[in-house]
Structures are given as C-alpha cells and as structure tokens.
Amino acid sequence: MRLVLLGAPGSGKGTQAARLKDHYAIPHISTGDLLRAAVKAETALGLKAKAVMERGELVSDDIVLGMLEERLSESDTASGFILDGYPRNLAQAGALGEVLARIGQPLDVAVQLDVPTDLLVERIAGRAAQEGRKDDTPEAVRTRLGVYNEQTAPVVDFYREQGKVTCVDGVGEMDEVFDRIVTAVAEATD
Ligand code: AP5
C-alpha cells in the first residue's frame with residue numbers, strides 16, 4: 001500500500017498515520033517529523049529549516065525532496081509507505097510522481113482529511129498548550145493555514161485528476177476517523 005495523507009494543519013494526518021502504519025504494517029514517513037529531527041540534531045539542513053518552520057512557511061522543495069528520497073531508499077519501504085506532509089505543492093507532487101515512477105512504486109491512493117477551519121485552530125491550540133510546538137503560535141498557524149489553502153489544496157485536484165483521491169470526514173473520535181479511512185482506502189483501491 002502506497003498512500004499519501006493530505007489535509008490542513010491539525011486535520012489529524014500524524015494521528016491517523018500512526019494508526020494506519022500498524023494496520024497496514026508499512027512505515028509512516030512524515031516530512032515534518034524528519035525536519036523536526038534535523039532541527040533538534042542541529043544538522044546543516046536543520047539549521048536552514050528552523051526559522052522557516054517556525055514562521056509556518058514551507059522549507060525549500062530541494063531540501064525536502066532530498067530528505068524524502070533518502071528515506072524512500074531505505075529497505076522498509078519495499079512493501080509500501082504512508083506519506084504525511086508531502087507533497088505540499090504542485091512542484092512536490094510532480095517530483096514525487098517522478099521518484100515513484102523511477103523506483104517502480106506508483107501511488108495507490110491519496111486520502112484527504114476534511115476538517116473545518118475553526119476545529120483545526122481549536123485542535124492546534126490544544127496541542128500548543130500541551131506540547132509547545134514552536135510553529136503552533138497563532139501567527140504561525142495563520143501562515144500554515146494560508147500556505148495550505150494556496151499551495152497544498154491544488155495538490156488534491158492534481159490527484160483527483162488522476163482518479164486517486166478519496167475524501168474522508170476528519171471530524172469525530174480518532175477511532176471513528178480511522179475506520180472511515182480504512183473503509184475509504186479499501187473502496188478506492190478495490
Ligand atoms: P507538518 O509536521 O507536516 O505539520 P502540519 O501539516 O502543519 O500538520 P500538523 O502536524 O499540525 O497536523 P496533523 O494534520 O498531522 O494533525 P495531528 O495528527 O498532529 O509540517 C510542519 C512544518 O514542516 C511545515 O509548516 C513546513 O515548514 C515544514 N514541512 C513539512 N513538510 C514539508 C514539505 N513537504 N515541504 C516543505 N516544508 C515542509 O493532530 C493535531 C492535534 O489534533 C493533535 O493534538 C491531535 O491529538 C489532535 N487530534 C487529531 N485528530 C483528532 C480527532 N479526531 N479528535 C480530536 N483531536 C484530534
């Protein structure tokens with residue numbers, strides 16, 4: 001199973017990917033997590049990405065693609081993967097298509113998690129209070145939502161044109177959303 005999770009900040013991509021990875025026994029690849037690990041380890045890449053991430057903007061396509069290609073080349077992706085946070089714009093969607101064609105692993109399905117903006121803001125505020133993620137400040141969240149609407153939302157149409165999108169209601173209990181995703185993926189890949 002090769003699956004992309006699409007959705008605005010706070011829509012539950014990370015939460016659901018953690019469950020889907022166990023369900024399908026495939027790795028969860030989050031470009032946000034990879035970048036946060038690089039920031040924490042203060043690698044050259046992390047130092048470049050830190051301020052950009054804290055503002056809620058996108059890290060450069062080249063940096064993220066390089067990181068993703070490296071991760072996809074690891075042996076645990078042979079039976080598939082869940083991509084969370086990539087692609088984030090049309091250029092990344094095109095690049096991903098090329099990489100996957102090259103390694104002979106085309107995408108099976110793109111799941112779009114649909115959650116209204118007021119609930120996204122509420123969830124992120126909850127996480128900010130609990131975890132203090134640096135880009136969960138009100139200013140950075142506004143920027144992240146703007147970036148999603150302008151740059152990432154067109155990626156949904158990109159996959160829709162390929163007949164690969166399935167939309168899932170992301171409102172409700174986490175287990176309920178998980179069940180909806182599994183059902184939608186089964187129908188879309190039948
Ligand atoms: P990234 O880490 O990808 O963040 P994001 O897309 O903004 O997503 P979030 O982690 O905020 O939300 P999520 O959808 O995963 O929701 P979650 O499950 O956590 O990216 C961060 C930054 O890295 C970017 O801004 C950019 O700078 C950079 N970056 C990453 N990828 C990049 C790329 N490809 N190109 C360029 N730059 C890139 O849930 C949120 C909260 O809600 C949690 O507290 C959770 O417990 C709660 N929650 C989830 N589901 C439910 C539910 N059903 N009911 C109640 N609460 C729920």
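Now for a description of the structure that goes with this document.

**Re unusual backbone geometry**
At the junction of Tyr-86 and Pro-87, the peptide bond is cis and its omega measures out at 5° in the coordinates. Within the secondary structure, Pro-87 is located in the loop between β3 (81–84) and α5 (90–102). Positive phi, normally seen in glycine, also occurs at Ala-25, with a value near 55°. Summarising the element assignment, Ala-25 is placed in the loop between α1 (13–24) and β2 (28–30).

**Focus on the sheet that holds β3**
With respect to topology, five strands assemble into an open sheet ordered β2-β3-β1-β4-β5, the strand pairing being parallel. In this open sheet, the two strands that pair with only one neighbour each are β2 and β5 (165–169). On average, adjacent strands in this sheet sit at an angle of 25° to one another, irrespective of strand direction. Pairing between β2 and β3: three bridges, direction parallel. Along β3, the bridge assignment pairs Ser-30 with Asp-84. Across the sheet, helix α2 (residues 31–40) touches β2 and β3, and the angle it forms with β2 is around 65°. Helix α8 (residues 174–188) contacts β1 (2–6), β4 (109–114) and β5 of the sheet and is inclined by roughly 160° relative to β5.

**Observations concerning the layout of surface pockets**
Estimated volume of the largest pocket: approximately 1000 Å³. Considering the residues around the largest pocket, the lining is formed by 47 residues, among which Gly-10, Lys-13, Arg-127, Arg-133 and Arg-144 are closest to the centre. Among the secondary structure elements, those contributing two or more residues to the lining of the largest pocket are β1, α1, β2, α2, α6 (117–131), α7 (138–161) and α8. Taken as a whole, the second largest pocket encloses approximately 210 Å³ of empty space. Looking at the lining of the second largest pocket, the elements with two or more residues in it are α2 and α3 (44–55). In terms of residue count, α3 provides more of the lining of the second largest pocket than any other element does, three residues in total. Residues belonging to the lining of the second largest pocket are distributed by class as follows: two nonpolar, one polar and six charged.

**Quick notes on the site of the ligand**
As a matter of local geometry, the ligand sits amid 28 residues, with Thr-15, Thr-31, Glu-57, Arg-127 and Arg-144 nearest to it. Within the side chain of Thr-15, a nitrogen or oxygen atom sits 2.5 Å from an oxygen atom of the ligand. In the model, an oxygen atom of the ligand is placed 2.9 Å from a nitrogen or oxygen of the Arg-36 side chain. Summarising the interface, the protein chains cover 88% of the accessible area of the ligand, which totals 1000 Å² for the free molecule. According to the grid-proximity analysis, the pocket containing the ligand is the largest pocket. Counted by class, the shell around the ligand contains nine nonpolar, 10 polar and nine charged residues.

**Focus on the packing of aromatic side chains**
Each aromatic ring pair is summarised here by two numbers: the centre-to-centre distance and the angle between the ring planes. The full count for this structure, using the stated rule, is one aromatic pair. With 5.2 Å between their ring centres and 80° between their planes, Phe-158 and Tyr-159 make a pair best called edge-to-face. Judged by its relative accessible area of 3%, Tyr-159 is buried.

**Observations regarding the packing of α2 against helix α4 (residues 61–72)**
When two helices pack together, their arrangement is given by the angle between the helix axes and by the axis-to-axis distance. Viewed as axis vectors pointing N to C, α2 and α4 meet at an angle of 105°, and their least axial separation amounts to 11 Å. Taken together, α2 and α4 sit at an angle that is classed as roughly perpendicular. In contact with Thr-31, Leu-34 and Leu-35 of α2, α4 contributes Val-64, Met-67, Leu-68 and Arg-71. Within the contact of α2 with α4, the residues separate by chemical class into five nonpolar, one polar and one charged.

Cut-off values and rules
- Residues numbered from 1 in each chain as written.
- Predicted model: local features only at pLDDT ≥ 70, side-chain atom pairs only at ≥ 80, totals over all residues.
- Heavy atoms only, no water.
- Helix = DSSP H or I, 4+ residues; strand = E, 2+ residues; numbered from the N terminus.
- Pairing = 2+ DSSP bridges.
- Axes fitted to C-alpha atoms, helices over the stretch in contact; angles between N-to-C directions.
- Contact = heavy atoms within 4.5 Å.
- 1 Å grid on protein atoms, 1.4 Å probe; cavity = no way out; pocket = protein on both sides within 12 Å on 5 of 7 lines; lining within 4 Å.
- Points joined across faces, edges and corners; volume = space filled by probe spheres on them.
- Nonpolar A, V, L, I, M, F, W, Y, C, P; charged D, E, K, R; others polar.
- Near = heavy atom within 4 Å.
- Polar contact = N/O pair within 3.5 Å; in protein donor to acceptor, adjacent residues only side chain to side chain.
- Areas by Shrake-Rupley, 256 points an atom, 1.4 Å probe, with all protein chains shown as cover.
- Sits in = over half its atoms within 2 Å of the grid points.
- Phe/Tyr/Trp six-rings, centres within 6.5 Å; stacked < 30°, edge-to-face > 60°.
- Buried < 20%, exposed > 50% of the residue type's maximum accessible area, 1.4 Å probe, protein only.
- Parallel < 35°, antiparallel > 145°, perpendicular 65-115°, else oblique.

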